[in-house]
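# Overview (structure and organization)
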Amino acid sequence: MTATDTHCPYCALQCGMTLTPQVPGVKLEPRDFPVNKGGLCAKGFTAADLLDHRDRLLTPLVRKGNGLREATWDEALDRIVEAITHSQSRYGRDSVGAFGGGGLTNEKAYALGKFVRVSLKSASIDYNGRFCMSSAATAANRSLGVDRGLPFPLEDVAQAKTVLLVGANPADAMPPSMQYLDAGRENGARHIVVDPRRTNTAAGAHLHLQPLPGTDLALANGLLHIAVREGYVDEDYVRERTTGFEAVRTATNSYWPERVERMTGVPETRLRETVRLLATQGPAMILTARGAEQHSNGTDTAQAYLNLALALGLVGKPFSGYGTITGQGNGQGGREHGQKADQLPGYRKLDDPAARAHVAEVWGIDPDELPGPGQSAYEMLDQLGEKVRVLMVLASNIAVSAPNSNRVLRKLKDLDFLVVSDIFLSETAELADVVLPTAQWAEEEGTMTNLEGRVIRRKRALPPPPDVRTDLEVLAELSRRLGREESSDPRTVFEELRRASAGGIADYAGITYERIEAEDGVFWPCPAEDHPGTPRLFADGFPTPSGKARMIPVVHRDPAEMPDRQFPYVLTTGRNMQQYQSGNQTRRVKALTVALPEPRAELHPDLARRHGIADGDLVELRSRRGAAVLRARLSDGIRPDTVFAPFHWPGANALTNPALDPHSRMPAFKACAVAISCLKDGTRHTRGTD
Ligand code: SF4
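Throughout what follows, the structure given in this document is the object of discussion. Only a predicted model underlies this, so the values are computations on that prediction, with no experimental measurement involved.

## Some thoughts on the overall build of the chain
Helix and strand counts for the chain come out as 25 helices and 31 strands. Since a compact globule built from 690 residues should have a radius of gyration of about 26 Å, the 24 Å found for the chain is in line with a globular shape. In terms of its C-alpha atoms, the chain occupies a principal-axis envelope of roughly 70 × 65 × 50 Å. When each of the 690 residues of the chain is scored for burial, the buried share is 64%. Working note: accessible area of the chain is about 23500 Å², and carbon and sulfur atoms make up 48% of it.

Laid out in structure tokens, this is it:
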């Protein structure tokens, strides 16, 4: 049997693995790829369990009354085209929309964006990356002129002498990446973790700062205040490579350490020690992730850490800088090539006339035929059944992963027609009028772009089951039925993507399947086939009009929802090591569910005692939007005013607040107000909410 070198289907580390078909199943082995160097986590090791899983969707399904029945592809596609045509003739083009995902290959993300803009002629498209990376991306674009999660290879992390990790828990989310942090520590590096919980990452750090969720911006401004007062600002760097520092300095004047300690709960001594380490030990990095970014002020929070990194002169220097740790497998590429509401391929803006002209020419249409920007993910979901009446969902389980999920469930039911493409009958697919069985990662070809901006190859190790199709095949066939010919061949689509991205920020023009293969991936931007690619950005300047990075003053705003007498605690949500995203895949893997059978609400023993809760008790969490019942896990590693719930199961997002960041339209997943009660014997025992 032939062995195929490919990559894990899950997170943005995109660990290398080798698949060898055997009877029965597939043998999966870790591969010595430059990112994971032979490492895999439990999710990656068990990924092949899903290929022949008994729950696998193997034929299209169509709605019949309250249930779904098997159908032919012709019947399923006929129904979809009929629904599209009917809706657009009655309610207008934008009444048909699509919701994509950060797990789609670059080719599929590109094809989906093109399908909606060209075949449907609709503006209604966005994707679940809006719920993931959008705040850090918005901050990086406006400050640095480009959003590439890590502007340096992961291997640089091992060379940094100080690393500040803000709202990131790679020890659980992407364990093989810890080898770089571990190597740094062995060489004397100091790591500081900012997290309201003592995560596995925080437990191994030199310093752990535990701010109240929603106060990360105040913390960053406080660190910059100290840097200014104690003379750590790199004045030459600031003068030569940035703009806007004076306004930022003024904005941080009021963030004196005692005040920041009161706002965040982080002791002043730890704030000072953090700044000293960042400024004096040699190369230093500041890395943010969703804990800091998924807030109604997430963009400004990412900006605050960018301001700090720029003031200390870190960005663009060897083994230094600012980065954001991407979550989803193709979270990076997925936000570059057009499935985002305001975007065209190559990270071009949909409202830029030159970008419209370039992409329209590649697509063979008049620029005036291109619709304008659409609505962001939650805003679109919030209007299902009104503005958008027919929705196609690819690579996303919004019934579980969207905020305020009870309302999203109601809105999904308000649709005239819902189409879901998936490998399993997800909670979203259960509501669909047509379910399309799609190929899995090991059954398809394409490219992904990992957290470093390295474009890699996903390769087919075995064919999909007989009645299963790839999303590219489905989009091409729907286009044909709507009157336009499109290719379903990944290589052909990638060649077109190269042309469409040429000259854009995320320029893939020089990247070929052959180069990716020969070079273990190619870093964008790569504008020509003789260009080496760009592993490290910003050494010579920033792609802004002035060539300098913009520092932008930002100030703390309270989270959109603060604790009060009725809902006295802060809920923050996050990941478990054994699960991935909405759990539609990983909740079906036996080895993972044995290791972690159910979600646990993590709370401090002091808080638990106040409510008569023992470890293992069922507790009910309630917010203004809904309730969820989870088993309690007591831990003295979490703040006593904070409760943590994982988002891999239905429930946590029934509680979360859809308040949106004004710049990125990111919902406030990481801080909302909740009440807690013990459910001993299934009965609620409330001891007041002090
Ligand atoms: S770290 Fe991410 S890419 Fe690597 S094996 Fe685990 S889930 Fe897969």
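## Considerations on the packing of aromatic side chains
In total, this model carries 7 aromatic pairs according to the counting rule given. Feature note: the residues F99, F131 and F669 constitute an aromatic cluster, connected by ring pairs. Geometry around F644 places R197 over its ring, the cationic atom sitting 3.6 Å from the centre. Positioned over the ring face of Y91 is R389, at 3.9 Å from the centre of the ring.

## So, the packing of helix α8 (residues 216-229) against helix α12 (residues 268-280)
Here α8 crosses α12 at 65 degrees, and the two axes come no closer than 9 Å. Classified by the angle between their axes, α8 and α12 sit roughly perpendicular to one another. Between α8 and α12 lies a crossing of right-handed hand. For the pair formed by α8 and α12, the contact residues are L219, L223, I226 and A227 on the first element and L271, R272, T274 and V275 on the second. Across the contact of α8 with α12, the residue classes break down as 6 nonpolar, 1 polar and 1 charged.

## Here we look at the nonpolar core
In terms of nonpolar packing, the biggest core is built from 108 residues, with I80, L164, I286, V315, Y322 and I511 touching the most fellow members. Element by element, the count of residues in this core is highest for α8, at 9 residues. When residues of this core are assigned to domains, at least three map to each of domain 1 (61-131 + 330-523) and domain 2 (150-324). Once you skip the residues sitting within four places of it in the chain, I511 turns out to touch V455, F494, R498, I516, V522, W524 and C526. Core analysis: the second largest hydrophobic core is formed by 50 residues, M174, F424, A442 and I456 among them.

Definitions and cut-offs
Residues numbered from 1 in each chain as written. Predicted model: local features only at pLDDT ≥ 70, side-chain atom pairs only at ≥ 80, totals over all residues. Heavy atoms only, no water. Helix = DSSP H or I, 4+ residues; strand = E, 2+ residues; numbered from the N terminus. Rg over C-alpha atoms; globule rule 2.2 N^0.38 Å. Buried < 20%, exposed > 50% of the residue type's maximum accessible area, 1.4 Å probe, protein only. Areas by Shrake-Rupley, 256 points an atom, 1.4 Å probe, with all protein chains shown as cover. Phe/Tyr/Trp six-rings, centres within 6.5 Å; stacked < 30°, edge-to-face > 60°. Lys NZ or Arg CZ within 6 Å of the ring centre and 35° of its normal. Axes fitted to C-alpha atoms, helices over the stretch in contact; angles between N-to-C directions. Parallel < 35°, antiparallel > 145°, perpendicular 65-115°, else oblique. Left-handed = near helix turned anticlockwise from the far one by under 90°. Contact = heavy atoms within 4.5 Å. Nonpolar A, V, L, I, M, F, W, Y, C, P; charged D, E, K, R; others polar. Core = buried A, V, L, I, M, F, W, Y, C linked by side-chain atoms within 4.5 Å. Domains from an automatic or database assignment.

Just distances and angles here, no functional claims.
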